[in-house]
Amino acid sequence: MNAPVLVINCGSSSIKYALIDSDPQAPRLAGLAERLGSSEARLKGKNSAGESFIQQLPDADHSEALSAILKCLEGRVPGAVGHRIVHGGEHFTQAALIDDSVVAAIESTSALAPLHNPANLAGIAATKKVFPELPQVAVFDTAFHQTLPPRAYRYALPEALYTEHGIRRYGFHGTSHAFVSQRAGELSNRGAGGWLTAHLGNGCSTSAVWSNQSLDTSMGLTPLEGLVMGTRSGDVDPGLHAHLHRQLGWSLDEIDNALNTQSGLLGLSGLTNDMREVEEQALEGHPGAKLALGVFCYRIAKSLAALSCALPKLDGVIFTGGIGENSPIVRSEVLSLLPHFGFSIDKAANETTIRGKEGKLDSVGHGGPEVWVIPTDEEGRIAMETRLCVESPE
Ligand code: ADP
């Protein structure tokens, strides 16, 4: 298929889009329709000359926003649409050409991702209306982690919770972990060996990848498990919920809200969920910001050390996401907490590898595991999987 792929990431009030050519180097048309369903709905994007535009779309819904997006594609006609779908449960181990049975399976998984899957389904419905002729493909955040063995995905809970209710660890950010580990295998002469990946953005997760297969990951049933994130707590004692309910009278919704939206860097620093500001304030000596940075890095190092148990051999660690790609401070602090792995970091390379650049950070000839920064490309990976799926559906 030579035509470009339109990648869609649909939230409850937003649609992120990117039109991606078969030549990965070709410029992309990309943008975001936001505040949908409100009088302030608008479309922001860049044209092929790299110029930004904003178009007001008062009260537009998802279908109206997609029609407006179509008009911004400068006459280029997509050959397929690739949808980012957050939760595929155990139904999907790879991308799937969307038909009624795929829609039904995504619906049946909505209880596991109540905020995301219904929005993703709304995106599929709206896209079908606007592009009835085009093949549509679902690419799942969870699919890459379906290779986890039971010892990694099962919680130590009564079996029926797994067999009857699907309570297990699923993992997320799969397209990112898949993309950066495959890319490291291409760039390094170690090939597709054993890689620890750290996706550090507003959401954060780690993964252990062996021979292009995920063997463990830090997120679980939901994207709340694992690392400290912008506003999410990551791991807490499972007894915390009962304690907060009994001692403070908090409802489940209040607890859920506190752990998802008031915690993480924001909760620890008392200032912000934005790592740039946390770093600036920590350098100024703000105690909350210093604590937030310290806990954030320690928990990443602890997670990487734990996930190394999944790998027969460690070839290297990969940093990605807004923080992983741009923060020399976080990278050096995390690596300094793992002296027993024998990482050796080239300080100059660490300082200069920022703003979307690929870089190898380990000192030449040290023989220990490598350290890479690889800008993630979730949209590119979704387009690639969409192409493969359309060309050779299962
Ligand atoms: P999302 O998960 O929403 O896609 P990103 O991957 O863009 O988010 O990551 C956002 C995070 O990256 C924010 O915490 C932001 O502060 C951080 N970030 C971006 N640039 C830098 C930088 N230069 N130094 C430190 N952190 C940065």
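Residues numbered from 1 in each chain as written. Predicted model: local features only at pLDDT ≥ 70, side-chain atom pairs only at ≥ 80, totals over all residues. Heavy atoms only, no water.

- The name that an unreviewed UniProt entry assigns to the protein chain is Acetate kinase, with the source organism given as Vreelandella nigrificans.
- Its UniProt record gives the protein chain a comment under Catalytic activity (unreviewed entry), which states: "acetate + ATP = acetyl phosphate + ADP". (UniProt positions renumbered as here; feature names shortened; annotations may be inferred.)

### Focus on the side chain of Ser214
Line of reasoning, step 1. When you line up the elements, Ser214 lands in strand β11 (residues 213-217).
Line of reasoning, step 2. Sequence-distant contacts of Ser214, that is, excluding residues within four places in its chain, are made with Phe144, His145, Thr147, Leu148, Ser207, Ala208 and Val209. (Helix = DSSP H or I, 4+ residues; strand = E, 2+ residues; numbered from the N terminus. Contact = heavy atoms within 4.5 Å.)

### Observations regarding the UniProt feature "site: Transition state stabilizer" (unreviewed entry) in the protein chain
Line of reasoning, step 1. According to UniProt, the feature "site: Transition state stabilizer" (unreviewed entry) maps to His173 and Arg232 in the numbering used here.
Line of reasoning, step 2. One can find His173 in the loop between α5 (159-163) and α6 (174-187).
Line of reasoning, step 3. A relative accessible area of 10% means that His173 is categorised as buried.
Line of reasoning, step 4. Setting aside its immediate chain neighbours within four residues, His173 contacts Asp141, His145, His199, Gly203, Cys204, Ser205 and Met219.
Line of reasoning, step 5. Note on placement: Arg232 falls in the loop between β11 and α7 (240-248).
Line of reasoning, step 6. Given the relative accessible area of 22%, Arg232 is considered partly exposed.
Line of reasoning, step 7. Residues in contact with Arg232, not counting those within four places in the same chain, are Gly203, Met219, Pro223, Leu224, Leu227, Leu259, Asn260, Ser263 and Gly264. (Buried < 20%, exposed > 50% of the residue type's maximum accessible area, 1.4 Å probe, protein only.)

### Here's the deal with the packing of aromatic side chains
Line of reasoning, step 1. Evaluated as defined, the whole model comprises three aromatic pairs.
Line of reasoning, step 2. Taking 4.1 Å as the distance between ring centres and 10 degrees as the angle between the ring planes, the aromatic pair formed by Phe92 and Phe140 counts as stacked. With Phe92 in the loop between β6 (80-85) and β7 (96-97) and Phe140 in strand β8 (residues 136-140), this pair connects stretches of sequence that are 48 residues apart.
Line of reasoning, step 3. Judged by relative accessible area, Phe92 falls into the buried class, the value being 8%.
Line of reasoning, step 4. Considering the side-chain rings of Tyr153 and Tyr162, the 5.9 Å spacing of their centres and the 45 degrees angle between planes classify their relative orientation as tilted.
Line of reasoning, step 5. Looking at Tyr153, the relative accessible area reads 13%, which means it is buried.
Line of reasoning, step 6. Lying over the aromatic face of Tyr153, Arg168 brings its terminal NZ or CZ to 3.7 Å of the ring centre. (Phe/Tyr/Trp six-rings, centres within 6.5 Å; stacked < 30°, edge-to-face > 60°. Lys NZ or Arg CZ within 6 Å of the ring centre and 35° of its normal.)

### Details of the pattern of salt bridges
Line of reasoning, step 1. Counted by the stated rule, this structure contains 18 salt bridges.
Line of reasoning, step 2. A salt bridge links Glu370 to Arg190; the shortest N-O distance between them is 3.3 Å. Of this pair, Glu370 sits in strand β14 (residues 370-373) while Arg190 sits in the loop between α6 and β9 (194-200), and the two are 180 residues apart along the sequence.
Line of reasoning, step 3. Its relative accessible area of 6% is what places Glu370 among the buried residues.
Line of reasoning, step 4. Overlapping salt bridges bring together Arg190, Lys313, Asp315, Lys360, Asp362 and Glu370 as one network. (Salt bridge = Lys/Arg side-chain N within 4 Å of Asp/Glu carboxyl O.)

### Structural notes on the site of the ligand
Line of reasoning, step 1. In the vicinity of the ligand there are 13 residues, among which Asn202, Asp274, Met275, Arg276 and Gly322 approach most closely.
Line of reasoning, step 2. Measuring from an oxygen atom of the ligand, one finds a backbone N or O atom of Met275 at 3.0 Å.
Line of reasoning, step 3. One of the backbone nitrogen or oxygen atoms of Gly322 is found 2.9 Å away from an oxygen atom of the ligand.
Line of reasoning, step 4. Looking at the shell around the ligand, the element that brings in the most residues is helix α12 (residues 321-326), giving four residues.
Line of reasoning, step 5. Taken together, the residues of the shell around the ligand break down into two nonpolar, eight polar and three charged. (Near = heavy atom within 4 Å. Polar contact = N/O pair within 3.5 Å; in protein donor to acceptor, adjacent residues only side chain to side chain. Nonpolar A, V, L, I, M, F, W, Y, C, P; charged D, E, K, R; others polar.)

### Quick look at the pairing of strand β2 (residues 15-20)
Line of reasoning, step 1. Of all six residues in β2, five are buried, a share of seventy percent or more.
Line of reasoning, step 2. Bridge analysis of strand β1 (residues 5-10) against β2 gives six bridges, and the strand direction is antiparallel. Bridge pairing in β2 links Val5 to Ile20.
Line of reasoning, step 3. Linkage of β1 to β2, two consecutive antiparallel strands, is achieved through a turn of four residues.
Line of reasoning, step 4. As defined by bridge partners, β2 adjoins strand β3 (residues 29-34) across five bridges and the pair is classed as antiparallel. What sits directly across from Ala18, in β3, is Ala30. (Pairing = 2+ DSSP bridges.)

### Focus on the nonpolar core
Line of reasoning, step 1. In terms of nonpolar packing, the biggest core is built from 42 residues, with Leu200, Phe296, Val330 and Val334 touching the most fellow members.
Line of reasoning, step 2. Those elements that place two or more of their residues in this core are β9, β10 (204-210), α10 (275-283), α11 (287-307), β12 (316-320), α13 (328-336) and β14.
Line of reasoning, step 3. It is α11 that contributes the most residues to this core, nine residues altogether.
Line of reasoning, step 4. Sequence-distant contacts of Phe296, that is, excluding residues within four places in its chain, are made with Cys204, Val228, Leu265, Met275, Ile323 and Val330. (Core = buried A, V, L, I, M, F, W, Y, C linked by side-chain atoms within 4.5 Å.)

### Regarding the domain arrangement of the protein chain
Line of reasoning, step 1. Taken domain by domain, the protein chain consists of domain 1 (5-140) and domain 2 (189-378).
Line of reasoning, step 2. Averaged C-alpha coordinates put domain 1 and domain 2 at centres separated by 28 Å. (Domains from an automatic or database assignment.)

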